[in-house]
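Fold and contact review
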Amino acid sequence: MPGFHKLKDHSSSPHSEGAVGYWIYNVKDDVLNLSEGIKKSLGLEQCTSFAFSSFKSLIVGADVPTFVKTFNEWINGNSSPIAQIRIVDSNNEIRLVQIKGRLRSDIRNEEMVLYGAYIDISYWSN
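The rules behind these values
- Along each chain, numbering runs from 1 in the same order as the chain's sequence is written.
- pLDDT decides what is reported in this predicted model: residues at 70 or higher carry local features, side-chain atom pairs at 80 or more are listed and counted, and totals for whole chains, interfaces and linings draw on all residues regardless.
- Derived side-chain values reflect all non-hydrogen atoms in the structure, with water molecules and hydrogen atoms excluded from consideration.
- Only runs of H or I of at least four residues qualify as helices and only runs of E of at least two qualify as strands under DSSP, and these elements are numbered from the N terminus.
- When accessible area is computed with a 1.4 Å probe and restricted to protein chains, residues below 20% of their type maximum are described as buried, those above 50% as exposed, and intermediate ones as partly exposed.
- Note on contacts: a residue pair is in contact if any heavy atoms of the two residues lie within 4.5 Å.
- Per-residue and other accessible areas follow the Shrake-Rupley method at a 1.4 Å probe size, with only the shown protein chains counted as cover for residues.
- In this text, buried Ala, Val, Leu, Ile, Met, Phe, Trp, Tyr and Cys residues form a nonpolar core when linked through side-chain atoms within 4.5 Å.
- What counts as a ring pair is set by centres within 6.5 Å for rings of Phe, Tyr and Trp (its six-membered ring), and what kind of pair is set by the plane angle: stacked under 30 degrees, edge-to-face over 60, tilted for all other angles.
- Each salt bridge in this description consists of a side-chain nitrogen of Lys or Arg and a carboxyl oxygen of Asp or Glu lying within 4 Å of one another.
- Given a helix with a known number of residues, its expected span is that number minus one, times 1.5 Å.
- Two strands pair under a simple rule: DSSP has to find at least two bridges between them.

**A short note on the overall build of the protein**
On a plain count of helices and strands, the protein comes out with four helices and six strands. Beginning at the N terminus, the succession of helices and strands in the protein can be written as β-β-α-β-α-α-β-β-β-α. Put simply, the protein has 126 residues, and 40% of those count as buried. The long-range fraction of contacts in the protein, counting pairs at least 24 apart against all pairs at least 6 apart in sequence, stands at 45%. Only carbon and sulfur atoms are counted for the fraction: they give 49% of the accessible area of the protein, which is about 7,200 Å².

**A short note on unusual backbone geometry**
The phi torsion at aspartate 30 lies on the positive side, around 55 degrees, for a residue other than glycine. Structurally, aspartate 30 is set in the loop between strand S1 (20-26) and strand S2 (31-34). A positive phi angle, close to 60 degrees, is found at asparagine 92, a residue other than glycine. Following the sequence through the fold, asparagine 92 ends up in the loop between strand S4 (82-88) and strand S5 (94-105). Overall, the relative accessible area of 66% leaves asparagine 92 in the exposed class.

**A look at the nonpolar core**
In terms of nonpolar packing, the biggest core is built from 24 residues, with Trp23, Phe55, Phe67, Ile87, Ile99 and Tyr118 touching the most fellow members. At the level of elements, S1, S2, helix H1 (36-42), helix H2 (52-56), helix H3 (64-75), S4, S5 and strand S6 (112-120) are the ones that each hand at least two residues to this core. Of the residues forming this core, the biggest block, four residues, is contributed by H3.

**Details of the packing of aromatic side chains**
Under the definition given, this model contains ten aromatic pairs. Judged by centre distance (6.3 Å) and plane angle (25 degrees), the ring pair of phenylalanine 50 and phenylalanine 55 falls under stacked. Overall, phenylalanine 55 belongs to the buried group, its relative accessible area being 5%. Joined through ring pairs, the aromatic side chains of Trp23, Tyr25, Phe50, Phe52, Phe55, Phe67, Phe71 and Trp74 make up one cluster.

**Thoughts on the pattern of salt bridges**
On inspection of all chains with the given rule, the structure shows five salt bridges. Note that arginine 86 is salt-bridged to aspartate 63, the shortest N-O span being 2.8 Å. Taken together, the residues span a long stretch of sequence, with arginine 86 in strand S4 and aspartate 63 in the loop between H2 and H3 at a distance of 23 residues. Look at arginine 86 and you get partly exposed, because its relative accessible area is 33%. For lysine 69, the salt bridge goes to glutamate 73, with nearest N and O atoms at 3.3 Å. Taken together, the residues lysine 69 and glutamate 73, both in helix H3 and four residues apart, mark about one turn of the helix.

**A look at H3**
Taking 1.5 Å per residue, twelve residues should reach 16 Å; H3 reaches 16 Å between its end C-alpha atoms and fits that length. Along its buried surface, H3 packs onto S1, H2, S4, S5 and S6.

**Details of the sheet that holds S6**
Within the open sheet, the six strands sit side by side as S3-S2-S1-S6-S5-S4. Their pairing is antiparallel. Two strands close off the open sheet at either side, each with one partner strand: strand S3 (49-50) and S4.

Bear in mind that shape data such as this cannot, by itself, settle questions of function.
Right under this line is the structure:
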């Protein structure tokens, strides 16, 4: 899809709190791609892409229903909600993040992609 390849230019690659990045999820293929900033923040540097269920496994259990509800709203075309969830990183530290999403599809819905932004707000919430 046009424009997505340029997102890399706007994504930072921080190694600490306040990581900002983007994510792209192909709904039909169930493939989630994360920017370098997000992968480094969560310690997922070895991972290039993974299934939605794999990402959900990083979310603190109590926050999964909120995330799934918000994610489904994005898939249904409502881009207004922001999910604020806790994610366990590779060091077993809990990070508080905000995720925003938006659906993009072609006229026949043959290609459906969710894309959005991620910000680690752990530093500001402590």
